[in-house]
Amino acid sequence: VAPSHIRNFSIIAHIDHGKSTLADQLLIKTDTVENRDMQAQYLDGMDLERERGITIKLNTARMKYVAKDGETYALNLIDTPGHVDFSYEVSRSLAACEGCLLVVDASQGVEAQTLANVYLALANDLEIIPVLNKIDLPGAEPDRVKREIEEVIGLDCSNAIYASAKKGLGIAEILEAVVERVPAPADNRGKPLRALIFDSYYDAYKGVVVQFRVTDGELHKGDLVKFMNTGCEYDIVELGVLNPKPVEVDALYAGEVGYLAASIKQVADARVGDTITLKKRPAEEALPGYTEVQPMVFCGLFPTDADQYTELREALLKLQLNDAALRFEPEVSSAMGFGFRCGFLGLLHMEIVQERLEREYDLDLITTAPTVVFKAVATDGTETVVDCPSKLPPGNRLASISEPYVRLEVITPKEYVGSIMELAQQRRGEYVDMQFLTETRTTLVYNMPLAEVVTDFFDALKSRSRGYASMEYAITGYRENDLVLLDIKINGEMVEPLAAIIHRDNAYYVGKALVKRLKELIPRQQFRVPIQAAIGARVVASESIPALRKDVLAKCYGGDISRKKKLLKKQAAGKKRMKSLGRVDVPQEAFMAVLQIN
Ligand code: GDP
Ligand code: MG
């Protein structure tokens, strides 16, 4: 297809504003998929994605569209993941487009992710087409929301489109607008090949399947290609376009979007953001914007049953084939036994991996509380990356600890501003800016330690705003703070997975609350169990769990054996998700208790 007849675009939206529903409608309207084949939300393939209503992995679809001018166009819809954890992937898929549809729920208005996505689109010089969705809702106020977009984003909304993805309204206008308003890709067919990878996933038969946008030149099946940032070289085994099912082609040219398979072993070898060129006629410079993603949140994963260690390792290896951002290394803890220290982009990424391990691989896991990556400087000047509190140099050799900071942007109805500012303050937030978006809504900007955001901040924000506030954050750098290691001892033994690095001002309070919470969570044992929190040698809080008085079986009067069995079975089931620490059984909730304290 000639560049003049190609349009590459994506859809950006705040979560739940209707991106997936609109994508489905575009596929139906262009007969790309038949209505009856339509599994709701075609592009969100994975079950988990559909359940959570988020898009994790990107996907594309090529649609054939006959426009009002009588010409046939190839419209490439490139899907973007909808969450801040995956913002690097969002930005790469936007870099593969010339334009985007900005979908805003006409009954809601501009939200935090709307803004964050618009910034990414503007940074990539995209033509933005505003779409006011859900106009079928009785509470829809498209005119008001249109003004809001103009005021807040400064985007001309005179030709905004009114739509209902659910009712199929406005879809024809949207397709026509894509052809008319999204610029055609530049005609760079004569240049040496450059193609931007915006997604890659592992397929058990084909190896890694790489999705890319050809910016310059052309590539053919059988070509020897080179990934410019990693230096890896491969022969193209299969070349094609996604329709959205794969359809093989012999060649792809500048402006087009497609996929290739080349027996690549893992996605880390074909990373999002890398540039593909030809070995025989290489481009001089890679396309801009390649970064190695760094996991920012770590936690320990331990099998409840030590026998599942090998299974857990194999499951992690399999997930990693598909997920270049997932890191793991073996971790041995005297308390927890053998497990893995795992790194994630953020909390959502972490939850998704945990859930997949449990669901798809049928593993029972104990997860330790997530921690951010600290940096510690020892007295001799050496710097350590601390992704686990136990990696902190000992107190007498520790000079300083720094922690990652984010710039946090919250959008909220104005009546909740006071309460949210109070929350931000409690979480060590540093006020940066406040602006009225409209007469009724406000944006608040704070600098805040990432550690405070990865606890239950989002939940707290939602509950203080009755669900109406939305947030986004981006990591800005590291800052030295007065941080200390809070140790927890249960029955006289140090429990490493419960240790936390926290601000000294909070240490006393957190120690007290944590010890109290553990007392509630840990079931009574046959003996008294002391629980202590300490900073270095100094105990800051202590409690104890009294010994169990009655034998559970005493209730059975010795007689009824089947009842006795039932009771023992019930106990065994209750033991699931417990980890024996020395002589004490500790439930999964206990390892997360530190997150609920604020
Ligand atoms: P996404 O998170 O942006 O992908 O949003 P979805 O497409 O998953 O839609 C979120 C919810 O809004 C779903 O329950 C949809 O059925 C609903 N929805 C989407 N578009 C419309 C619309 O035009 N009108 C109404 N009433 N509901 C819609
Ligand atoms: Mg969606």
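Cut-offs and rules
Residues numbered from 1 in each chain as written. Chains lettered and ligands numbered in written order. Predicted model: local features only at pLDDT ≥ 70, side-chain atom pairs only at ≥ 80, totals over all residues. Heavy atoms only, no water. UniProt positions renumbered as here; feature names shortened; annotations may be inferred. Patch = residues over 30% accessible without salt bridge, like charges linked within 9 Å, V, L, I, M, F, W, Y side chains within 5 Å. Areas by Shrake-Rupley, 256 points an atom, 1.4 Å probe, with all protein chains shown as cover. Salt bridge = Lys/Arg side-chain N within 4 Å of Asp/Glu carboxyl O. Helix = DSSP H or I, 4+ residues; strand = E, 2+ residues; numbered from the N terminus. Near = heavy atom within 4 Å. Polar contact = N/O pair within 3.5 Å; in protein donor to acceptor, adjacent residues only side chain to side chain. Nonpolar A, V, L, I, M, F, W, Y, C, P; charged D, E, K, R; others polar. Pairing = 2+ DSSP bridges. Contact = heavy atoms within 4.5 Å. Axes fitted to C-alpha atoms, helices over the stretch in contact; angles between N-to-C directions. Parallel < 35°, antiparallel > 145°, perpendicular 65-115°, else oblique. Left-handed = near helix turned anticlockwise from the far one by under 90°. Core = buried A, V, L, I, M, F, W, Y, C linked by side-chain atoms within 4.5 Å. Buried < 20%, exposed > 50% of the residue type's maximum accessible area, 1.4 Å probe, protein only.

- The name given to the chain in an unreviewed UniProt entry is Translation factor GUF1 homolog, chloroplastic, with Chlorella vulgaris as the source organism.
- One UniProt comment on the chain, placed under Catalytic activity (unreviewed entry), says "GTP + H2O = GDP + phosphate + H(+)".
- Quoted straight from UniProt, the Sequence similarities (unreviewed entry) entry for the chain says "Belongs to the TRAFAC class translation factor GTPase superfamily. Classic translation factor GTPase family. LepA subfamily."

**Points about a nonpolar patch on the surface**
Turning to step 1, where the next piece is worked out: A cluster of nonpolar side chains, Tyr431, Met434 and Phe436, forms an exposed patch at the surface whose accessible area comes to about 320 Å².
Turning to step 2, where the next piece is worked out: With respect to the element layout, Tyr431 can be found in strand 25 (residues 430-436).

**Things to note about the site of ligand 1**
Turning to step 1, where the next piece is worked out: The full set close to ligand 1 counts 17 residues, and Asp16, Lys19, Ser20, Thr21 and Asp136 are the nearest of them.
Turning to step 2, where the next piece is worked out: Within the contact set of ligand 1, an oxygen atom lies 3.5 Å away from a backbone nitrogen or oxygen of His17.
Turning to step 3, where the next piece is worked out: Interatomic distance of 2.9 Å between a backbone N/O atom of Ala165 and an oxygen atom of ligand 1.
Turning to step 4, where the next piece is worked out: Burial of ligand 1 by the protein chains amounts to 80% of its free accessible area of 580 Å².
Turning to step 5, where the next piece is worked out: Here the element with the most residues in the shell around ligand 1 is helix 1 (residues 19-29); it accounts for three residues.
Turning to step 6, where the next piece is worked out: Within the shell around ligand 1, the residues separate by chemical class into three nonpolar, nine polar and five charged.

**Some details on the sheet that holds strand 6 (residues 161-162)**
Turning to step 1, where the next piece is worked out: If you walk across this open sheet you meet the six strands as 2-3-1-4-5-6, and the pairing is mixed. Of all the strands in the sheet, the pair left with one neighbour each is strand 2 (60-66) and strand 6.
Turning to step 2, where the next piece is worked out: Examined bridge by bridge, strand 1 (residues 6-13) and strand 4 (residues 99-105) share five bridges and lie parallel to one another. By the bridge assignment for strand 4, Ala13 is matched with Val103.
Turning to step 3, where the next piece is worked out: Helix-sheet contacts for helix 1 involve strand 1, strand 2, strand 3 (72-78) and strand 4, and the interaxial angle to strand 1 is about 150°.

**Focus: the packing of helix 9 (residues 417-426) against helix 11 (residues 457-464)**
Turning to step 1, where the next piece is worked out: It is the contact of helix 9 with helix 11, at a shortest axis distance of 10 Å, that shows an interaxial angle of 160°. Comparing their axes, helix 11 and helix 9 come out roughly antiparallel. Helix-helix and strand crossings are classified by hand; for helix 9 and helix 11 the assignment is right-handed. On the side of helix 9, the interface is formed by Ser419, Ile420, Glu422, Leu423 and Gln426, while helix 11 contributes Phe457, Ala460, Leu461 and Arg464.
Turning to step 2, where the next piece is worked out: Class assignment for the residues of the contact of helix 9 with helix 11 results in five nonpolar, two polar and two charged.

**Observations concerning the sheet that holds strand 13 (residues 246-248)**
Turning to step 1, where the next piece is worked out: Reading across from one edge, 11-10-16-7-8-15-12-13 is the order of the eight strands in this open sheet, with antiparallel pairing throughout. Edge positions in the open sheet fall to strand 11 (233-235) and strand 13, since each of these has one partner strand only. Here the strands of the sheet are splayed against their neighbours by 40° on average, with no regard to which way each runs.

**Let's talk about the nonpolar core**
Turning to step 1, where the next piece is worked out: Leu316, Leu357, Leu408, Val410, Leu461 and Met471 are the most contacted members of the largest nonpolar core, which has 49 residues in total.
Turning to step 2, where the next piece is worked out: Counting residues per element, this core draws most heavily on helix 7 (residues 309-322), which supplies five residues.
Turning to step 3, where the next piece is worked out: With near-sequence residues (within four places) excluded, Met471 lies in contact with Ala112, Gln113, Leu408, Glu409, Val410, Val453, Phe457, Phe458 and Leu461.
Turning to step 4, where the next piece is worked out: Formed by 38 residues, the second largest nonpolar core is a distinct cluster that contains Val484, Leu498, Leu581 and Met592.

**Thoughts on the side chain of Glu409**
Turning to step 1, where the next piece is worked out: With respect to the helices, strands and loops of the structure, Glu409 is situated in strand 24 (residues 398-413).
Turning to step 2, where the next piece is worked out: The exposure class of Glu409 is buried, given its relative accessible area of 15%.
Turning to step 3, where the next piece is worked out: With residues up to four places along the chain from it excluded, the contact list for Glu409 reads Ala112, Leu115, Tyr119, Leu444, Val445, Ser470, Met471 and Glu472.

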